[in-house]
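# Structure at a glance
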Amino acid sequence: MSNIPSDLRYTTEHEWVRLEGDEAVAGITDYAQSELGDVVYVEVFEPGTPLTQFKPFGVVESVKAASDLFSPLSGEVLAFNQALEDTPELVNDDPYGEGWMMRFKPSDLAELDNLLTAEGYEKMLAG
Amino acid sequence: MTEPLLFELSTPGRRGYTLPALDVPASALPDDFAREDLPLPEVSEVEIVRHFTRLSQLNVGVDTVFYPLGSCTMKYNPKINDAAASLPGFTRLHPYQSERSVQGALRLMFELQEALGEIAGLPAVSLQPAAGAHGEFAGVWAYHQHRGDAARDKIVIPDSAHGTNPASAAMCGYDVVTVPSDAQGNTDLAALEALADDSVAGMMLTNPNTIGLFDENVVRAIEIVHNCGGLVYCDGANMNALLGTSKPGDLGFDILHYNLHKTFSTPHGGGGPGAGALAVTPALEMFLPTPLVVRRDDGSYGLDYDRPQSIGRVRAFYGNFGIMVRAYVYIRMMGADGLLQVSEDAVLNANYVLARLRDVYHLSLDRTCMHECVFTDERQVEYGVHTLDIAKRLIDFGYHPPTIYFPHIEHLIEGAIMIEPTETETKATLDGFVEVMRQIAREAAEDPDLLHNAPQNAPATRLDEVTAARKLRLRWTPQ
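Please read all numbers here as calculations on a predicted model, not as lab measurements.

### A short note on the overall build of chain A
- Each helix and strand in chain A was counted, giving four helices and nine strands.
- Helices and strands in chain A line up, N terminus first, as β-β-β-α-β-β-β-β-β-α-α-β-α.
- For chain A, the spread of C-alpha atoms along the principal axes amounts to about 35 × 35 × 20 Å.
- Across the 127 residues of chain A, 39% fall into the buried class.
- Intrachain contacts of chain A at a sequence separation of at least 6 include 63% that bridge at least 24 residues.

Below, the structure is given as structure tokens:
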């Protein structure tokens, strides 16, 4: 069974978001990394790029597939996890920790209501 | 790998060629152009000949093995195609020759346009695009030009589509909206209805779809899109299933690209280029890329550039002419009856493989297929064996593996094994392949490590694809 931390919010496209002060961090879920298989490349839009909820913020590539990454909230890109440039396997090893992908500044926290809770996400996976 | 790189064969001072004695006054290279650090390999002529001959013997192709690479239509490429394309009257043409001096080549192109228009039921054809995705790009662009309607900013694409479809639509500036497959693998009509409004410019559909199934909802799906004012694009990559049986134009499609290098032999360009001819309805003809080949009133052939509404050129000169010659020869050799039999046999072969493997490999959609069948690894996963392991094990038996992990449709098809036998294989070849696939299914249950460690009987064993993708090494450097 995949790991779904209860303190995060989720998109239906398998991204998670965590609020840290007035910033936020996003990545892909444990389920997403296990479905993708070995991640070989991650790219996130340049800092300063505006984000729209549920629109792309970058790309993740594994040995099996290349997929868009969808922003959990609107806002603006602050930083990309540079560690993923040389060690994209962090996404597989620690998807909610060292495998984070983007730090950003959310512009509308009311959008959190559009996201799934851990319980909702788990229910979605159970299909 | 048993064959060293040319750099590794290098011995300082060794030469494959010696220049003749200097018969002009010696003059030094300008300092700007002289360099000391150019580590080119130094080998003798016989060493380089053996090196490349050995590499050529490692090559795997349709002329050496059964190659059931789904979605690629790896059919046998008749040698007469190459013989015709090698005729000096074709190979020695120059693209700037006068029309009068290339009448034969122009006639061939004209007649190919006519044949492709007839097969598609879409009479206006451009041979310009250099490959399938290039045809898509030109087709969507031509369509966009036709609309001149910026308010329609969406293209609808099924979740089973080739990745090139959304890429082409996005390149032309459209937003891509995904329509799901229904439980039978057809376009989900209710979902399509819900999407179809006046923001939809069109839909791109592959039929048969990438699951190898005839989309039973195709006519209704086209109606829905037409009713909301959109056009419908057919990705013709799977035309090998439909020759002579079903014309996309009759189904209601407005635009179609062919992959000449799949349907009309020269798979994967026969190692060379492809060709993505574009066929459209008469209403869209004016937007096709220029030049079109026309027959003039006096019976001569010419290149027509006088098409003010055209999207213009999409490629230098006249497209990949050598592939057109091969497609033309193939169509003329087959004739209408032969082409019909191509599709019937391609569909029969795929269903034979499906029927003989369905009890050992999982079918996500248990339906009669068209020209290819899609299994998954669902029954092997319990032994820790995955699609990749099955594909690698096939190499041990001398087969090129099928297409794997495509199509991928969440909750419907995961871990795909996509087998397209084509019409050119004998029953004996198919039986041999089927027996090996059945043996691999037994091995998966009894000795999974045999599959995890495959291939063993190949010039290279299991490659570390993850490290290769993560740590790209694109240049040879001395150790």
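The discussion continues.
### Side note on the overall build of chain B
- Regarding its fold elements, chain B presents 16 helices and 13 strands.
- Rg of the C-alpha trace for chain B: 25 Å, near the compact-globule value of 23 Å for 479 residues, within the 12% margin.
- A principal-axis box enclosing the C-alpha atoms of chain B has dimensions of 75 × 70 × 45 Å.
- Counting only residues that meet the buried cut, chain B has 43% of its 479 residues in that class.
- For chain B, long-range pairs separated by at least 24 residues make up 72% of all intrachain contacts whose partners lie at least 6 apart in sequence.

### As for unusual backbone geometry
Residues and elements named next belong to chain B.
- Across the junction of Thr290 and Pro291, the peptide omega takes the value -10 degrees, indicating a cis bond.
- Pro455 follows Ala454 through a cis peptide bond whose omega is 0 degrees.
- As for its placement among the helices and strands, Pro455 is situated in the loop between α15 (448-452) and α16 (465-470).
- Non-glycine residue Thr422 carries a positive phi angle of around 65 degrees.
- The residue Thr422 is located in the loop between β13 (416-419) and α14 (427-446) in this model.

### Examining the interface of chain A and chain B
- If you look at the interface, chain A gives seven residues, while chain B gives seven residues.
- Partitioning the side of chain A that touches chain B into residue classes produces four nonpolar, one polar and two charged.

### Observations regarding the packing of helix α12 (residues 321-357) of chain B against α14 of chain B
All names here are of chain B.
- Two elements in contact, α12 and α14, have axes whose closest approach is 10 Å; the angle formed by their N-to-C orientations is 30 degrees. Considering their axes alone, α12 and α14 lie roughly parallel with respect to each other. Here the hand of the crossing between α12 and α14 comes out right-handed. Side by side, α12 and α14 meet where Asn349, Tyr352, Val353, Arg356 and Leu357 of the first sit next to Leu430, Val434 and Met437 of the second.
- For the contact of α12 with α14, a count of residues per class yields six nonpolar, one polar and one charged.

### Examining the sheet that holds strand β6 (residues 56-62) of chain A
Residue and element names in this part refer to chain A.
- The three strands lie next to each other as β4-β6-β7, forming an open sheet whose pairing is antiparallel. On the outer flanks of this sheet lie β4 (39-44) and β7 (66-70), each paired with one strand and no other. Geometrically, the sheet is characterised by an average inter-axis angle of 20 degrees between neighbouring strands, direction not taken into account.
- Both β6 and β7 contribute to a ladder of five bridges, which runs antiparallel. Across the sheet, the residue bridging to Glu61 is Ala66, located in β7.

### Some remarks on the domain arrangement of chain B
- Segmentation of chain B into domains returns domain 1 (1-20 + 33-59), domain 2 (79-333) and domain 3 (342-468).
- A separation of 39 Å is found between the C-alpha centroids of domain 1 of chain B and domain 3 of chain B.

### Focus on the sheet that holds strand β10 (residues 362-363) of chain B
Residue and element names in this part refer to chain B.
- The four strands lie next to each other as β10-β11-β13-β12, forming an open sheet whose pairing is antiparallel. On the outer flanks of this sheet lie β10 and β12 (403-404), each paired with one strand and no other.
- In this sheet, β13 lies alongside β12 in antiparallel orientation, the contact comprising two bridges. Bridging from a neighbouring strand, Ile404 pairs with Ile417 of β13.

### Some details on the nonpolar core
Residue and element names in this part refer to chain B.
- Core analysis: the largest hydrophobic core is formed by 119 residues, its most contacted members being Val225, Val232, Ile255, Ala277, Ala279, Met324 and Ala327.
- Counting residues per element, this core draws most heavily on α12, which supplies 17 residues.
- Split by domain, the residues of this core number at least three in each of domain 2 (79-333) and domain 3 (342-468).
- Those residues in contact with Ala277 that lie beyond four places of it in its chain are Leu116, Val125, Ser126, Leu127, Pro129, Gly135, His257, Tyr258 and Leu260.

### Some thoughts on helix α9 (residues 218-227) of chain B
Residue and element names in this part refer to chain B.
- For α9, every residue scored as buried is listed here: Val218, Ala221, Ile222, Ile224 and Val225. One side of α9 holds all its buried residues, which, seen down the axis, span an arc of 160 degrees. Along α9, the residues that are exposed and aim more than 90 degrees away from the buried face are Val219 and Asn227.
- Considering only its buried residues, α9 is in contact with α8 (189-195), β4 (200-206), β5 (231-236) and α10 (248-251).
- Positive phi shows up at Gly229, right after α9, with a value of about 95 degrees.

### Observations regarding the packing of helix α5 (residues 103-120) of chain B against α12 of chain B
All names here are of chain B.
- For the pair α5 and α12, the least separation of the axes is 10 Å and the interaxial angle reads 60 degrees. Our classification of the angle between α5 and α12 gives oblique. The interaxial crossing formed by α5 with α12 has left-handed handedness. Contacts between α5 and α12 involve Leu108, Met109, Glu111, Leu112 and Ala115 on the former and, on the latter, Met324, Val325, Ala327, Tyr328 and Ile331.

### What to know about the confidence of the model for chain B
- Chain-level statistics for chain B give a pLDDT mean of 93 and a share of 98% at 70 or above.
- For this predicted complex, the interface score ipTM comes out at 0.73, alongside a pTM of 0.88.

### Considering helix α2 (residues 45-58) of chain B
- Helix length check: α2 of chain B (14 residues) gives 20 Å between terminal C-alpha atoms against 20 Å at 1.5 Å per residue, within 8%.
- Counting buried positions along α2 of chain B yields zero of 14 residues, so the element is predominantly exposed.

### A closer look at the pairing of β5 of chain B
Residues and elements named next belong to chain B.
- Most of β5 sits inside the fold, with six of its six residues counted as buried.
- Side-chain alternation along β5 places Leu231, Tyr233 and Asp235 on one buried face and Val232, Cys234 and Gly236 on a second face that is also buried.
- Alignment of β4 against β5, held across five bridges, turns out to be parallel. Opposite Gly202, over in β5, you have Leu231 as the bridge partner.
- Between the parallel elements β4 and β5, the chain passes through α9 in a crossover that is right-handed.
- Both β5 and strand β6 (residues 255-258) contribute to a ladder of four bridges, which runs parallel. Looking across to β6, one finds that Gly236 is bridged to Tyr258.

What counts, and at which threshold
Note that residues are indexed from 1 along each chain, following the sequence as it is written. To label them, take the chains in the order written and letter them from A, then take the ligands in the order written and number them from 1. Residues qualify for local features only when their pLDDT is at least 70, as the model is predicted, and side-chain atom pairs are given and counted only at 80 or more; totals for whole chains, interfaces and linings, by contrast, use all residues. Helix and strand labels come from DSSP, where a helix needs a run of H or I of at least four residues and a strand needs a run of E of at least two; each type is numbered from the N terminus. Three exposure classes are used, based on other C-beta atoms lying within 10 Å of a residue's own C-beta, which is placed from the backbone: buried for 20 or more, exposed for 12 or fewer, and partly exposed in between. By the criterion used throughout, residues are in contact when their C-beta atoms, derived from the backbone, lie within 7 Å. Only C-alpha atoms enter the radius of gyration; for comparison, a globular chain is expected to reach 2.2 Å times N to the power 0.38, where N is the number of residues. In this count, Pro and Cys sit with the nonpolar residues alongside Ala, Val, Leu, Ile, Met, Phe, Trp and Tyr, while Asp, Glu, Lys and Arg are called charged and the others, Gly among them, polar. Here, axes are lines fitted to C-alpha atoms. For helices the fit covers the stretch in contact, and angles between N-to-C directions go from 0 to 180 degrees. Geometric relationships in this document are graded by angle, where less than 35 degrees denotes roughly parallel, more than 145 denotes roughly antiparallel, 65 to 115 denotes roughly perpendicular, and other angles denote oblique. The crossing is said to be left-handed when, going from far helix to near helix, the turn is anticlockwise and less than a right angle, and right-handed when the turn is clockwise. Strand pairing is assigned whenever DSSP identifies at least 2 bridges connecting the two strands. Domain boundaries shown here were taken from an automatic or database domain assignment. Any nonpolar core is a set of buried residues, restricted to Ala, Val, Leu, Ile, Met, Phe, Trp, Tyr and Cys, that join up through C-beta atoms within 7 Å. Directions from the helix axis toward the C-beta atoms define the arc. Per-residue confidence from the predictor is reported as pLDDT, a score between 0 and 100. Helix span, as expected, comes to 1.5 Å for every residue beyond the first. Crossovers are described as right-handed under a simple rule: with the strands pointing away from the observer, the path leading from the first strand over the helix to the second runs clockwise.

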